[in-house]
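# Examination of the molecular architecture
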Amino acid sequence: MIRLLWFSCCFLVASCAVINFQKEGGKPGDSTIGTCRANTKLLNHLLATAAPGSTLLIPPSLTFWVMGGIHASNIRQLTIALEGTLKFWAPDELMTNRKEWPHGSDNRVEECIYFENVTGLTLTSKGAGVLEGNGHHWWGAIKYLEFRENRPRLFHVESGSHLLVENVLFHDSPYWTTFFHNVYNLTVRNSRIIAKVDPKATHHTAIELTAFNTDGFDVAGSHIHIHDSYVWNQDDCFCVKDVSNTYRSFGGVTRETVAVHPSLLAPPGSPWKHCTSNMLFERNNASGLGLTIGSIGSACVKNITFRDSTMVNTFKGLYLKTHPSGGEHSGIITDILYQNITLYRPEQWAIWIGPQQAIYSGACSLLWPDPGTKCPIPAFMDWRGITMRDIFILHPKTSPGVIIGNSTNPMTGIVFDNVVATDAQHAPWGDLFYACHGVVGTANKGTHPIPPCFNGGCIPDGKCRNAQAGVPCCSGKHHKTIDCPKGGRCGA
């Protein structure tokens with residue numbers, strides 16, 4: 001009886017249909033630009049006309065070449081069963097035919113896939129589904145100098161609720177791999193993101209890092225759960241973003257963000273319109289620029305947990321960062337927990353809490369703390385209640401980390417609970433092991449080494465100081481000496 005009722009409902013609402021992309025005219029195995037455009041046009045038509053409850057099937061064992069500019073809005077209750085591969089056309093190595101990619105009125109390239117105002121969207125696979133971005137055609141230092149970040153994201157959802165992504169491989173995105181902005185009730189599980197210049201790479205070399213801005217799962221919203229997934233890329237791996245007040249819609253039109261759920265609204269009287277909150281990242285594996293919060297500007301981020309995860313040969317580890325400029329209002333990052341995370345052989349900073357390291361104006365230099373570099377620390381951000389618990393850093397290639405706040409608005413409630421670095425390196429912070437200032441921090445349990453400015457810490461007289469690490473002398477005095485070239489010796 002239940003089965004009969006289900007079929008009757010599907011029949012009455014003309015939904016529950018399976019739309020086979022190939023049977024509707026999709027052509028597999030043809031990379032010519034004409035076929036890419038035709039396949040994209042067909043996909044856009046099928047997305048626009050699919051009834052609620054339908055399934056759009058990309059058949060297994062087939063590759064369909066497509067062009068950027070796949071887009072749809074006002075989707076309701078649609079499943080995309082990605083059992084084959086959607087492979088995106090890319091410009092030639094010299095970018096001579098880049099103009100073939102669709103552009104908006106603002107001269108920015110359109111995203112590979114862009115969905116706006118969606119409810120009940122599922123992107124799923126039985127395990128073989130691939131979104132192939134062909135990113136290596138877009139990457140490289142010289143191309144970055146010319147085009148910067150005018151590259152397409154692979155999968156972008158703008159303003160959505162009740163979303164599920166599972167069992168999908170996102171491969172070699174030209175730019176950010178995924179971006180879920182202004183979303184409520186999102187689950188991502190058992191999915192993978194890979195972005196490598198050399199498919200066999202096991203380290204983040206200078207060449208690998210030229211796959212700039214290949215962020216993994218970037219999310220801004222509330223009630224988000226990402227678990228049992230894998231990212232190897234050259235930028236932020238699993239990344240919490242703030243909900244911005246405006247966004248770029250398809251075609252290059254700027255629109256005002258309207259919260260998709262009341263949980264995204266900031267408390268009354270707040271200087272912000274929205275808050276990113278209530279996110280859980282667990283049982284993930286990441287290698288790139290980290291399990292990240294930021295960069296955050298004049299915005300609100302609260303109640304975020306990363307736990308039970310592993311990072312192997314990652315470039316950065318646990319990375320919390322403010323935007324170089326805060327705008328008109330202050331921002332807040334609060335109630336953050338990183339728990340039970342193991343980092344094997346991190347290649348740069350295992351822990352970074354402070355300003356964004358980037359090439360942007362006003363950012364902390366990517367080369368800092370090399371001589372002649374600067375690392376300005378914005379004063380607009382309120383950091384409150386950041387806890388690192390049971391963090392195990394094994395054989396890092398540098399000193400364990402950086403925790404730096406602005407002295408006029410110091411970080412408060414920073415807790416290291418059993419944060420242990422094994423075989424911690426002295427470079428660049430020497431016996432201090434951390435750059436640490438502008439922080440009210442507490443270290444307890446088995447934390448080792450203890451950040452030198454935690455527990456009211458300071459450097460006793462007679463010990464060398466490191467000016468860039470920022471830890472004060474207990475006496476408040478220091479003097480120059482040839483034996484302490486980086487900041488003199490504490491004491492009169």
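Provided above is the structure to which this section pertains.
Anyway, here's the lowdown on the structure attached to this text.

Rules and cut-offs
- Residues numbered from 1 in each chain as written.
- Predicted model: local features only at pLDDT ≥ 70, side-chain atom pairs only at ≥ 80, totals over all residues.
- Heavy atoms only, no water.
- Helix = DSSP H or I, 4+ residues; strand = E, 2+ residues; numbered from the N terminus.
- Expected span 1.5 Å × (residues − 1).
- Buried < 20%, exposed > 50% of the residue type's maximum accessible area, 1.4 Å probe, protein only.
- Phe/Tyr/Trp six-rings, centres within 6.5 Å; stacked < 30°, edge-to-face > 60°.
- Lys NZ or Arg CZ within 6 Å of the ring centre and 35° of its normal.
- Pairing = 2+ DSSP bridges.
- Right-handed = clockwise from strand over helix to strand, strands pointing away.
- Disulfide = S-S within 2.5 Å.
- Contact = heavy atoms within 4.5 Å.
- Core = buried A, V, L, I, M, F, W, Y, C linked by side-chain atoms within 4.5 Å.

### Structural notes on helix H2 (residues 33-49)
- Here H2 spans 24 Å end to end across 17 residues, near enough to the 24 Å set by a 1.5 Å rise per residue.
- Turning to H2, its buried residues number three or more, namely Thr-35, Cys-36, Asn-39, Thr-40, Leu-42, Leu-43, Asn-44, Leu-46 and Leu-47.

### Topic: the packing of aromatic side chains
- Going through the model one piece at a time under the given rule, you end up with 21 aromatic pairs.
- Taking 5.2 Å as the distance between ring centres and 85 degrees as the angle between the ring planes, the aromatic pair formed by Trp-101 and Trp-138 counts as edge-to-face. With a gap of 37 residues between them, Trp-101 in the loop between strand S6 (85-88) and strand S7 (113-124) and Trp-138 in the loop between strand S8 (129-132) and helix H3 (141-147) connect regions that are remote in the sequence.
- Here the aromatic rings of Phe-238 and Phe-281 are separated by 6.5 Å at their centres, their planes lie at 75 degrees, and the arrangement is edge-to-face. Of this pair, Phe-238 sits in strand S15 (residues 238-240) while Phe-281 sits in strand S18 (residues 275-282), and the two are 43 residues apart along the sequence. Pair check on accessibility: Phe-238 and Phe-281 agree, each one buried.
- An aromatic cluster is defined as three or more aromatic residues linked by ring pairs; in this entry it consists of Phe-115, Phe-155, Phe-170, Phe-180, Phe-217, Phe-238, Phe-281, Phe-306 and Tyr-338.
- Across the ring face of Phe-147, the terminal group of Arg-98 is positioned such that the distance to the ring centre comes to 4.0 Å.

### Some words on the pairing of strand S2 (residues 55-58)
- Bridging between strand S1 (residues 18-20) and S2 involves three bridges; their strand directions are parallel. The partner of Val-18 across the bridge, within S2, is Thr-55.
- Chirality of the crossover, the property in question, places the unit of S1, H2 and S2 among those that are right-handed.

### Digging into the state of the cysteines
- For the structure on display, the rule yields five disulfides.
- The side chain of Cys-473 participates in a disulfide bridge whose partner is Cys-490; the two sulfur atoms lie 2.0 Å from each other. As the torsion about the S-S bond is roughly -75 degrees, the Cys-473-Cys-490 disulfide counts as left-handed. Separated by 17 residues along the polypeptide, Cys-473 in the loop between strand S29 (439-444) and strand S30 (478-479) and Cys-490 in strand S31 (residues 489-490) bring together distant segments of the chain. The residues Cys-473 and Cys-490 share a single accessibility class, namely buried.
- Note on Cys-237: no disulfide assigned, nearest cysteine sulfur contributed by Cys-239 at a separation of 9.4 Å.
- In this structure Cys-237 comes out as buried when scored by relative accessible area, which is 0%.
- What makes Cys-239 buried here is its relative accessible area of 0%.

### A short note on the side chain of Thr-122
- Mapped onto the secondary structure, Thr-122 falls in strand S7.
- If near-sequence neighbours (up to four positions away) are discounted, Thr-122 is found in contact with Leu-78, Thr-79, Ile-80 and Leu-164.

### Some remarks on the nonpolar core
- Residues Phe-115, Ile-293 and Tyr-338 are the most contacted members of the largest nonpolar core, which totals 117 residues.
- At six residues, the largest contribution of residues to this core is made by strand S25 (residues 381-394).
- When neighbours within four sequence positions are excluded, Tyr-338 is seen to be in contact with Leu-291, Thr-292, Ile-293, Phe-306, Leu-318, Tyr-319, Leu-320, Thr-387, Met-388, Arg-389 and Ile-391.
- Counting residues in each nonpolar core, the second largest holds five residues, with Trp-272, Cys-275, Cys-300 and Ile-332 among its members.

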